[in-house]
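Listed below, chain by chain, are the residues.
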Amino acid sequence: MTELHTPEQADASRRWFLRTSGVLGLGAAALSTAGVGEALAADEGSAERRPAGTRSPVRTGTGLDRLPHPLVVGHRGASGYRPEHTLGSYQHALDLGADVIEQDLVPTKDGVLVVRHENEIGGTTDVADHPEFAARKTTKTVDGRAVTGWFTEDFTLAELRTLRAKERLPLQRQHNTLYDGRWAVPTFREVVEFAQQRSRATGREVWLYVETKHPSYFRSIGLPLEERLATELRRAGLAGRNGRAILQSFEPSSLQRLAKLVDNPRIQLLGDAATQPYDFVLAGDKRTVADLVTPNGLRWIAGFAHGLGPTTNLIAPVDPATGKLLPVTTLVADAHAKGLLLHPYTLRNENAFLPVDFRRGTDPNAYGDPIAWARLLMEQGVDGFFTDQADTSVLARADFWSAHHVG
């Protein structure tokens with residue numbers, strides 16, 4: 001596992017980030033207001049806030065240097081405000097200032113890539129309300145875990161189109177249930193077409209951040225994801241380093257397969273330190289995430305990926321007993337030293353998802369101080385982050401740029 005920062009190391013890491021980032025951003029005057037609308041309006045006039053140079057060699061020629069820094073990724077769209085992975089969620093994320101929108105891909109029975117957080121859809125669609133599909137409910141073992149529900153691979157696309165999306169966390173995000181039933185489950189192709197239409201309408205590139213979900217599982221049942229994804233990217237003109245699509249997976253072997261098919265930027269997702277990628281489990285590889293974030297592990301990842309998507313706990317860990325922040329780790333500096341970008345996940349506004357240090361009051365569903373939490377991560381030098389509420393993160397980034405006189 002990475003060593004903890006001393007205060008001197010933390011200061012050195014921040015100085016390194018500020019010295020090498022070379023980003024263009026909002027001027028301090030443009031950021032003097034606190035309103036989201038004003039910050040977004042200033043964004044529109046800032047030449048897309050493109051970096052003036054690259055932060056590390058890996059960004060050269062990847063197309064990522066055309067994006068703002070730090071990057072704001074709409075996690076499943078604007079899932080803090082709309083049911084996740086719907087066209088409405090993606091539209092709202094872009095309206096709120098997200099630079100990139102994320103898709104999780106799973107296949108249908110007839111091999112069409114659709115966008116869902118999981119292949120089990122009982123929690124994100126109204127499938128339980130369809131008596132014609134009652135017999136489809138079953139229990140499967142996915143990545144070594146028993147899961148009961150309805151699964152995309154048991155539905156044709158035509159059948160899936162009869163379902164409607166709903167809020168996954170109705171108790172925590174009750175206001176999102178207002179939109180239950182409003183949108184269908186989109187195919188990946190439909191999301192690509194939406195992004196292209198949005199790019200044409202606004203004159204600004206809409207990038208996609210695409211995850212292969214449970215790739216070993218789907219390959220084992222004859223529905224491999226990587227080849228299908230590569231075909232869709234080529235069809236849409238999104239394949240390659242300038243293709244406006246970033247690829248991600250928790251399984252290194254999936255990224256390695258993708259690297260042979262398309263030359264898009266690739267990000268290795270990392271869970272908690274004690275966990276293992278499931279393809280490691282299948283292969284008998286004993287390494288854990290803790291091994292992968294050592295200098296040797298990062299060097300290995302740099303052989304097939306351009307960056308990391310770590311859980312925030314790998315950068316700014318919290319005490320499991322108290323929920324309070326512990327000293328930050330050296331992961332940002334260690335990864336940058338190997339030429340790897342870092343896009344940690346997931347920033348959310350609600351107290352339940354924040355370190356105790358940034359909570360307000362005792363209601364777990366009330367908003368805490370996610371702006372300060374985002375600022376802490378940016379001060380460590382992260383290159384972007386996934387967020388459920390893009391407007392909050394855009395404001396946090398504007399504050400960060402202003403504080404460091406970026407512009």
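Residues numbered from 1 in each chain as written. Predicted model: local features only at pLDDT ≥ 70, side-chain atom pairs only at ≥ 80, totals over all residues. Heavy atoms only, no water.

Orientation of helix α7 (residues 226-236) relative to helix α8 (residues 252-261), taken along the N-to-C sense of each, is 40°, at an axis distance of 10 Å. Between α7 and α8, the angle is such that the two are oblique. At the point where α7 passes α8, the crossing takes the right-handed sense. Judged by residue contacts, E226, E227, L229, A230 and R234 of α7 engage S254, R257, L258 and L261 from α8. (Axes fitted to C-alpha atoms, helices over the stretch in contact; angles between N-to-C directions. Helix = DSSP H or I, 4+ residues; strand = E, 2+ residues; numbered from the N terminus. Parallel < 35°, antiparallel > 145°, perpendicular 65-115°, else oblique. Left-handed = near helix turned anticlockwise from the far one by under 90°. Contact = heavy atoms within 4.5 Å.)

A word on the packing of helix α3 (residues 87-95) against helix α5 (residues 188-202). Their axes nearest at 11 Å, the elements α3 and α5 cross at an angle of 30°. Between α3 and α5, the crossing angle belongs to the class labelled roughly parallel. Of the two elements, α3 crosses α5, and the hand of that crossing is right-handed. On α5, the residues that touch L87, Y90, Q91, L94 and D95 of α3 are V191, F194 and R198. Looking at the contact of α3 with α5 residue by residue, the class counts come to five nonpolar, one polar and two charged. (Nonpolar A, V, L, I, M, F, W, Y, C, P; charged D, E, K, R; others polar.)

What follows is about the environment of P317. One can find P317 in the loop between β9 (307-310) and α12 (331-337). The spatial distance from the C-alpha of P317 to the C-alpha of D272 is 10.0 Å, given a sequence separation of 45 residues. Those residues in contact with P317, other than ones at most four positions away along the chain, are T312, K324, L325, L326, P327, V328 and T329.

Once that is clear, we can look at the confidence of the model for the protein chain. Scored by pLDDT, the protein chain has a mean of 88; 85% of the residues are at 70 or more. Low pLDDT, under 50, characterises residues 1-58; the stretch is placed with 119 contacts to residues that sit more than four places away or in other chains. (pLDDT = per-residue confidence, 0-100.)

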